[in-house]
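Observations on the three-dimensional arrangement
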Amino acid sequence: MYIIKVKGVAKIPDYVQLRDDKFTLLAYFRVDRPEKSLDKIGLSDKYDYIMNLIKDLPFGKILKLEL
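We now turn to the structure provided with this report.

Conventions adopted
Residues numbered from 1 in each chain as written. Predicted model: local features only at pLDDT ≥ 70, side-chain atom pairs only at ≥ 80, totals over all residues. Heavy atoms only, no water. Pairing = 2+ DSSP bridges. Helix = DSSP H or I, 4+ residues; strand = E, 2+ residues; numbered from the N terminus. Axes fitted to C-alpha atoms, helices over the stretch in contact; angles between N-to-C directions. Core = buried A, V, L, I, M, F, W, Y, C linked by side-chain atoms within 4.5 Å. Buried < 20%, exposed > 50% of the residue type's maximum accessible area, 1.4 Å probe, protein only. Contact = heavy atoms within 4.5 Å.

What follows covers the sheet that holds strand β4 (residues 62-64). Read from one edge to the other, the open sheet built from four strands follows the order β3-β2-β1-β4, with strand pairing classed as antiparallel. Of all strands in the sheet, those bounded by a partner on one side alone are β3 (25-30) and β4. Taken pair by pair, the neighbouring strands of this sheet meet at an average axis angle of 20°, ignoring direction. The pairing of strand β2 (residues 15-19) with β3 spans five bridges and is antiparallel.

Time to look at the nonpolar core. Ile3, Val16, Leu18, Ala27, Phe29, Leu38, Leu43, Ile50, Met51, Ile54, Leu57 and Leu65 form the largest nonpolar core, which has 12 residues in total. Looking at this core, the elements that each hand over two or more residues are β2, β3 and α2 (47-56). Sort the elements by how many residues they give to this core and α2 lands first, with three residues. Filtering out sequence-adjacent residues up to four positions away, Ile50 remains in contact with Ile3, Leu38, Leu43 and Leu65.

This is the structure in structure tokens:
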């Protein structure tokens, strides 16, 4: 799984994309509202781990997420 942090512009907020190994979009959520999306794809138990990665991840950088 891959994680990408996308910088928002003007009134558009920052977003995060979670993609599988074939780069298919699994989740797309605002940085400040991830709970519902993570729960929907079954990763609510990994919330703290994923949010710590997102916090330190620079915008536009792709990170391979090992769960």
